[in-house]
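# Examination of the molecular architecture
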There are 2 protein chains.
Amino acid sequence: MTPSVPNRETTDYLESRIRAVGLRPTRQRLALAGLLFQAGHRHVTAEKLHGEAMKRGIRVSLATIYNTLHQFTAAGLLREVVVDTDRSYFDTNMERHHHFFHEDTGLLEDIPSSELELKNLPPLPEGSEISSIDVVIRLSGTRKLPL
Amino acid sequence: MTPSVPNRETTDYLESRIRAVGLRPTRQRLALAGLLFQAGHRHVTAEKLHGEAMKRGIRVSLATIYNTLHQFTAAGLLREVVVDTDRSYFDTNMERHHHFFHEDTGLLEDIPSSELELKNLPPLPEGSEISSIDVVIRLSGTRKLPL
DNA sequence: TCAATATATTAGAATAATTCTAAAAAGGCT
DNA sequence: AGCCTTTTTAGAATTATTCTAATATATTGA
Ligand SMILES: [Mn+2]
Ligand SMILES: [Mn+2]
Ligand SMILES: [Zn+2]
Ligand SMILES: [Zn+2]
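What you see is a predicted model, and the numbers here were worked out from it, not measured in a lab.

Bringing the relation of the copies chain A and chain B into the picture now. Put simply, the second copy of the chain is the first one after a rotation about an axis and a shift along it. Rotating chain A by 180° and translating it 0.0 Å along the rotation axis places it on chain B, where the RMSD comes to 0.0 Å. Accordingly, the operation relating the two chain copies is best matched by a two-fold axis. The residues that chain A uses at the interface reappear at the interface of chain B in 100% of cases, marking a shared surface.

Set out below in structure tokens:
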């Protein structure tokens, strides 16, 4: 039996992904890749990821968190989602999709692009091409029960 | 002849809009309202608006620019558009519409909502309601001629 | 296995947008 | 005018992020 589906649980898998994009698989990058890629798709901020790393006893500086998030983004392992003016969100889901943004909690939730289609794209301004189309549905919580 | 359409050129018009939302029509607010509302719809950042004010000899502090933009936004005269992580954009167009964002220049361009329809909205998460739906088409410039 | 070299990490300083503070100025009302 | 409220503002503070330049780690190939 030759496994054709990579086992995402292994360190080898993470190491090969990192090597594949031309980066050295350092302790920090492997650990962060573990947090990012081993538990389904995620939306994280730098601070949140740093907090998680600390909690698991991984010692990484915040500078490295930023470096890594940006390197992974440049490498196509992550994308950045702009939903909040004062915090950057990074998304491990590289498929085309959109987002619910819970304004009260800061939670980002995926909307598969199959569930939300754009009808007729307007003509683009001369001499420009689409880099991405971002749909964000901002949600405000409704109290279930009156206060 | 009783004019039923307000003349947006007059200071009285601006003054009444400002009063209408419960704010005092100060020198600064009138001047900024002039820049914002007397020349068609606009998308401005705090710095840009401040720069324009200076250029026209209006002395306003940056703190007042921020105060005013936020007060106008809270009052429903402006809306904030989140397209850039490190700069806030304010939009004088309060109709439902979407945006082209020129990533190279920082220019925001309106897309009337008639030109871009959303097909089928996905079901909302339990206990939440839509605050807004923001569609941003990010554009990268294409060189007209090869370098 | 061991330098030699290239890359990565990090503490701490620097930056930049924005917010805060609290004191002075202006607006509104009688 | 006089009184009270709202606004403006300079400058300090805050916060996310980036930069610097010194140290540490990874890779290569003899
Ligand atoms: Mn900010
Ligand atoms: Mn920022
Ligand atoms: Zn996502
Ligand atoms: Zn607009």
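Next comes the rest of the description.
We now examine the packing of aromatic side chains. All names here are of chain B. Considering all chains together, one arrives at four aromatic pairs over all chains under this definition. Residues Tyr89 and Phe101 carry aromatic rings whose centres are separated by 6.0 Å and whose planes lie at 80° to one another, so their mutual orientation is edge-to-face. Taken as a pair, Tyr89 in strand 3 (residues 89-91) and Phe101 in strand 4 (residues 97-102) lie far apart in primary sequence, twelve residues in all. Since its relative accessible area comes to 5%, Phe101 is described here as buried.

With that out of the way, let us pick up the sheet that holds strand 6 (residues 128-141) of chain A. Read across the open sheet, the six strands follow the order 5(A)-4(A)-6(A)-6(B)-4(B)-5(B); overall the sheet is mixed. If you trace the sheet from one side to the other, it starts and ends with strand 5 (108-112) of chain A together with strand 5 (108-112) of chain B, each paired once. Across the sheet, the mean angle separating the axes of adjacent strands is 30° when strand polarity is ignored. Bridge count between strand 4 of chain B and strand 6 (residues 128-141) of chain B: four bridges; the pairing is parallel. For B:Phe100, the partnering residue across the bridge sits in strand 6 of chain B and is B:Ile137.

Taken together, 21 residues sit near DNA strand C, with A:Arg24, A:Thr26, A:Arg29, A:Thr64 and B:Tyr66 positioned nearest. In this structure, a base nitrogen belonging to DNA strand C sits 3.4 Å away from a side-chain N or O atom of B:Arg24. Between DNA strand C and the protein, one listed contact pairs a phosphate oxygen with a side-chain N or O atom of B:Tyr66 at 2.4 Å. Going through the elements one at a time, helix 2 (27-37) and helix 4 (62-74) of chain A together with helix 4 (62-74) of chain B are the ones with two or more residues in the surface near DNA strand C. Of the residues in the surface near DNA strand C, the class split is six nonpolar, seven polar and eight charged.

All names here are of chain A. When the domains of chain A are assigned, the result is domain 1 (8-84) and domain 2 (95-139). Of note, the centres of domain 1 and domain 2, computed from C-alpha atoms alone, are 24 Å apart. Taken together, the contact between domain 1 and domain 2 spans six residues of the former and nine residues of the latter. It is His43, Arg79 and Val83 that lose the most area in domain 1 upon contact with domain 2, and together they represent 73% of the buried surface on that side. Viewed at the interface, domain 2 and domain 1 are joined by zero salt bridges. At the boundary of domain 1 and domain 2, one finds five residue pairs in polar contact (both at pLDDT 80 or more). Here the side of domain 1 that touches domain 2 is built from residues that sort into two nonpolar, two polar and two charged.

The next thing to look at is the protein's contact with DNA strand D. In the vicinity of DNA strand D there are 20 residues, among which A:Tyr66, B:Thr26, B:Gln28, B:Arg29 and B:Thr64 approach most closely. Taken together, the sugar and phosphate atoms account for 87% of what DNA strand D places within 4 Å of the protein. One of the backbone N or O atoms of A:Ser88 is found 2.8 Å from a phosphate oxygen in DNA strand D. Backbone polar atom of B:Arg59 to a phosphate oxygen of DNA strand D: 3.4 Å apart, as the coordinates give it. Taken together, the residues that form the surface near DNA strand D break down as six nonpolar, seven polar and seven charged.

Turning our attention to the interface of chain A and chain B. Listed as interface residues are 41 residues of chain A and, on the opposing side, 41 residues of chain B. When the area that chain A buries against chain B is broken down by residue, the three leading residues are A:Val82, A:Thr85 and A:Arg138, summing to 17%. Put simply, chain A and chain B have two salt bridges between them. Of the charged contacts in the structure, one is a salt bridge between A:Asp134 and B:Arg138, with a shortest N-O distance of 2.8 Å. Counting every contact that joins chain A to chain B gives 20 residue pairs in polar contact (both at pLDDT 80 or more).

Conventions adopted
Residues numbered from 1 in each chain as written. Chains lettered and ligands numbered in written order. Predicted model: local features only at pLDDT ≥ 70, side-chain atom pairs only at ≥ 80, totals over all residues. Heavy atoms only, no water. Least-squares fit on C-alpha atoms with pLDDT ≥ 70 in both. Contact = heavy atoms within 4.5 Å. Phe/Tyr/Trp six-rings, centres within 6.5 Å; stacked < 30°, edge-to-face > 60°. Helix = DSSP H or I, 4+ residues; strand = E, 2+ residues; numbered from the N terminus. Buried < 20%, exposed > 50% of the residue type's maximum accessible area, 1.4 Å probe, protein only. Pairing = 2+ DSSP bridges. Axes fitted to C-alpha atoms, helices over the stretch in contact; angles between N-to-C directions. Near = heavy atom within 4 Å. Polar contact = N/O pair within 3.5 Å; in protein donor to acceptor, adjacent residues only side chain to side chain. Nonpolar A, V, L, I, M, F, W, Y, C, P; charged D, E, K, R; others polar. Domains from an automatic or database assignment. Buried area = accessible area lost by both parts, 1.4 Å probe. Salt bridge = Lys/Arg side-chain N within 4 Å of Asp/Glu carboxyl O.

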